[in-house]
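Chain by chain, the residues:
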Amino acid sequence: LLMNLKARRLLQSGLSKENIAGAIAIGSEAINLYPDQAWGHVTIAFALRTKLRFGWADNPKDDLERAISHAQKAVSLAPDNYVAHFALGRVRMQQGNQTSAIGAFETALSLNPSSADALNALAQSYFYIGQNERALEALAESARIDPLPGFIHPWMSAWTLWQDQRCDDALNSFSRIAAPPPPAHKLLAVIHVCRGEVEKASDALAAFLSSEPDWTASRERELHADQWIAEGALARWIDDLSAAGLPG
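Residues numbered from 1 in each chain as written. Predicted model: local features only at pLDDT ≥ 70, side-chain atom pairs only at ≥ 80, totals over all residues. Heavy atoms only, no water.

**Things to note about the packing of helix 4 (residues 60-77) against helix 5 (residues 82-95)**
- Where helix 4 meets helix 5, the closest approach of the two axes is 8 Å, and the angle between their N-to-C directions is 155°. Between helix 4 and helix 5, the angle falls in the class roughly antiparallel. Note that helix 4 runs across helix 5; the crossing there is left-handed. Only A84, H85, A87, L88, V91, R92, Q94 and Q95 of helix 5 make contact with helix 4, whose side of the interface consists of L64, A67, I68, A71, Q72, A74 and V75.
- Of the residues that constitute the contact of helix 4 with helix 5, the class distribution is 10 nonpolar, 4 polar and 1 charged. (Axes fitted to C-alpha atoms, helices over the stretch in contact; angles between N-to-C directions. Helix = DSSP H or I, 4+ residues; strand = E, 2+ residues; numbered from the N terminus. Parallel < 35°, antiparallel > 145°, perpendicular 65-115°, else oblique. Left-handed = near helix turned anticlockwise from the far one by under 90°. Contact = heavy atoms within 4.5 Å. Nonpolar A, V, L, I, M, F, W, Y, C, P; charged D, E, K, R; others polar.)

Here's what the structure looks like:
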């Protein structure tokens, strides 16, 4: 458990390839030292999912298969551990199986109704299938449980509000992120496009491209294509990023 907490702290300290690699190393060490415990598998599943989520995997298919395998192993070792089901939900989400992801998150919440993290993740699955109101309800419950969240809650709230065409509210939510990580600036860019603020959108996108100078609209589309099935949402996302200056 302590090694898992160390890895989670590393991942939460900043979104980077280096931190993900460090978390995977901690998870592998935990599996070697404690093969009958779920925590090492949970750690690797979360880290691989994060790596896939931000387009940092050299072999996405292999990493997704590894993530699913580790998450399933965690559940088999600790079926009463809500974090194992939470990890399985995250990788099922990444796989594009939102029905299975929602089921895993609901199981996690039945084991621990006070998990703001699981509620945020549940909201994201609802977001991906276009159920914005259900996503916002889950986010509201998460905020009730944890009124001082990190960047995930306002990021997810702003993204859902953007998808719901509530772009002023989306900007207000985004402004609650104290130190937005570089990938979040893509969301800020599309919010500004939605508000007709193209120059601000270009500035926001530039903040992202400074960390990923080779990023393109094609890579962005591939990043979301298997998960984001809300009608018209991904096409609008790509169009708005292109309007902000993302190359094709």
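Moving on from the model shown.
**Things to note about helix 6 (residues 98-111)**
- Spanning 14 residues, helix 6 covers 20 Å between terminal C-alpha atoms, matching the ideal 20 Å at 1.5 Å per step.
- Listed in full, the buried residues belonging to helix 6 are Q98, A101, I102, A104, F105, A108 and L109. Each buried residue of helix 6 sits inside an arc of 160° when the element is viewed along its axis, so together they form one side. Exposed positions of helix 6 whose direction lies more than 90 degrees from the buried face are T99 and S110.
- Contact partners of the buried residues in helix 6: helix 5 and helix 7 (116-128). (Expected span 1.5 Å × (residues − 1). Buried < 20%, exposed > 50% of the residue type's maximum accessible area, 1.4 Å probe, protein only. Arc of directions from axis to C-beta.)

**Here we look at the environment of I20**
- Along the chain, I20 falls in helix 2 (residues 17-33).
- The spatial distance from the C-alpha of I20 to the C-alpha of I44 is 9.0 Å, given a sequence separation of 24 residues.

**Re the packing of helix 3 (residues 39-53) against helix 5**
- Relative to each other, helix 3 and helix 5 sit at 25°, their axes nearing to 9 Å. Judged on the interaxial angle alone, helix 5 and helix 3 are roughly parallel. Between helix 3 and helix 5 lies a crossing of left-handed hand. Within the contact between the two elements, helix 3 uses W39, V42, A45, F46, R49, L52 and R53 and helix 5 uses V83, A84, F86, A87, R90, V91, M93 and Q94.
- Of the residues assigned to the contact of helix 3 with helix 5, the class counts are 11 nonpolar, 1 polar and 3 charged.

**Here's the deal with the side chain of Q227**
- With respect to the helices and strands, the residue Q227 is situated in the loop between helix 13 (217-224) and helix 14 (233-244).
- Apart from the residues lying within four places of it in its own chain, the contact partners of Q227 are M93, Q94, G96, Q98 and Y128.

**Digging into unusual backbone geometry**
- At Q165, a position not held by glycine, the phi torsion is positive, near 65°.
- Counting through the fold element by element, Q165 comes out in the loop between helix 9 (152-163) and helix 10 (167-174).

**Regarding the packing of aromatic side chains**
- Under the counting rule described, the total for this entry stands at 16 aromatic pairs.
- Taking 5.4 Å as the distance between ring centres and 80° as the angle between the ring planes, the aromatic pair formed by W162 and W237 counts as edge-to-face. Pair noted here: W162 is in helix 9 and W237 is in helix 14, with a separation of 75 residues, a long-range link. Comparing W162 with W237 shows no difference in burial state: the two are buried. (Phe/Tyr/Trp six-rings, centres within 6.5 Å; stacked < 30°, edge-to-face > 60°.)

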